[in-house]
Amino acid sequence: MATTPKRSRSRSAARLAAVQALYQQEMEGTPLATLLHEFHHHRLGATIDDIEYAEAEVDFFDDVVAGVDARRDELDVLIAGRLAEGWTLARLDKPMKAILRAGAYELAARADVPVGSVISEYVDVAKAFYDPRESGFVNGLLEAIAREVRA
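Report follows, based on the coordinates. (Residues numbered from 1 in each chain as written. Predicted model: local features only at pLDDT ≥ 70, side-chain atom pairs only at ≥ 80, totals over all residues. Heavy atoms only, no water.)

1. Brief notes about the nonpolar core
Counting 44 residues, the largest nonpolar core has F61, Y122 and V138 as its most contacted members. Mapped by element, the contributors of at least two residues to this core are helix 1 (5-28), helix 2 (32-43), helix 3 (58-80), helix 4 (94-109), helix 5 (115-129) and helix 6 (132-149). Beyond its immediate chain neighbours, meaning those up to four positions away, F61 contacts A14, A17, A18, A21, L36, F39, H40 and L44. (Core = buried A, V, L, I, M, F, W, Y, C linked by side-chain atoms within 4.5 Å. Buried < 20%, exposed > 50% of the residue type's maximum accessible area, 1.4 Å probe, protein only. Helix = DSSP H or I, 4+ residues; strand = E, 2+ residues; numbered from the N terminus. Contact = heavy atoms within 4.5 Å.)

2. Considering the packing of aromatic side chains
Within this structure, the stated rule accounts for two aromatic pairs. The interplanar angle of 55 degrees and the centroid separation of 6.5 Å between the aromatic rings of F129 and Y130 together place this pair among those described as tilted. In this arrangement the basic side chain of R91 is found over the ring face of W87, its NZ or CZ atom lying 3.7 Å from the centre. (Phe/Tyr/Trp six-rings, centres within 6.5 Å; stacked < 30°, edge-to-face > 60°. Lys NZ or Arg CZ within 6 Å of the ring centre and 35° of its normal.)

3. Quick notes on the pattern of salt bridges
Side-chain pairs of opposite charge can arise where the charged atoms are in close proximity. Overall, the coordinates contain 11 salt bridges when judged by the stated rule. Between E121 and R15 there is a salt bridge, and its shortest N-O distance comes to 3.7 Å. With E121 in helix 5 and R15 in helix 1, this pair connects stretches of sequence that are 106 residues apart. R15 shares its class with E121; the two are buried. The salt bridge involving E26 is made with R101; its shortest N-O contact spans 2.5 Å. (Salt bridge = Lys/Arg side-chain N within 4 Å of Asp/Glu carboxyl O.)

4. Description of helix 6
It helps to recall that an α-helix has 3.6 residues per turn; residues three or four apart then point in one direction. End to end, helix 6 covers 26 Å across 18 residues, agreeing with the expected 26 Å (1.5 Å per residue, within 8%). By the burial criterion, the buried members of helix 6 are S135, V138, L141, L142, A144, I145 and A146. (Expected span 1.5 Å × (residues − 1).)

5. Side note on helix 5
Between its first and last C-alpha, helix 5 extends 22 Å over 15 residues, near the 21 Å set by a 1.5 Å rise per residue. Listed in full, the buried residues belonging to helix 5 are V118, I119, E121, Y122, V123, V125 and A126.

6. Digging into the environment of V123
Along the chain, V123 falls in helix 5. Linking V123 and S135, residues 12 residues apart in sequence, is a C-alpha distance of 5.2 Å. Every residue in contact with V123, bar those within four places of it in the chain, is listed here: S135, V138 and N139.

7. Focus: the environment of G67
Inspection of the secondary structure assignment puts G67 in helix 3. A residue is classified by how much of its surface remains accessible, and G67, at 8% relative accessible area, is buried. Expressed as a C-alpha distance, the spacing of G67 and E106, which sit 39 residues apart in the sequence, is 8.7 Å. In contact with G67, not counting residues within four places along its chain, are D62 and Y105.

8. Examining the side chain of K97
The residue K97 is located in helix 4 in this model. What K97 contacts, discounting residues up to four positions off in sequence, is E26, L89, A90 and L92.

9. Some words on the environment of A56
Inspection of the secondary structure puts A56 in the loop between strand 2 (51-52) and helix 3. Taking C-alpha positions, A56 is 7.7 Å from R9, a pair spaced 47 residues apart along the chain. In this structure A56 touches S10, A13, A14 and L44, once residues within four positions along its chain are discounted.

Treat this as a map of the structure, not an account of what it does.
Structure (C-alpha cells):
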C-alpha cells in the first residue's frame, strides 16, 4: 500500500509529538494515561503560541508512546549495546534518548514501516534539535539496531 503525502505528514507529526511526549515523561514522570490525554486534547493538531501543529496520526502516536513506555528496558539494552566504548545511556541527553527509543521501538515492533522510513524520519526529528553530527549519530545507531531486529 502506497503512503499518501497526507499520511506521511501525519506520521511525521506523530513521531515528533511522540518524541516530545517521551521527553516530557522522562522529565516529569508523567503517567502514560495522563500523558496521552494531555497530547490528545492539548497538543496534537493544536495551535500553541501562534504555531499550528500538523495533524498527527493519533493511533500511530499512541502506539509509539505506549510501546516505548512498555518496552523501555528492552529498548535501552538495544541502544546501549550500540554505543561507543565508554559511553552509557545515562550520558545521552533526554531528547536524544527519546529519539533513539522511539526509533528503536518502531524498528523492533513496527515491521509494517520500512527501515529506511523509520531511520530518515528520526534523523529529521534529530535535525530539529541538534547539529548534523548528532543526526548522523542517530542514523548510525538506528541502522545498527535495524540490522539486528529486522534480520
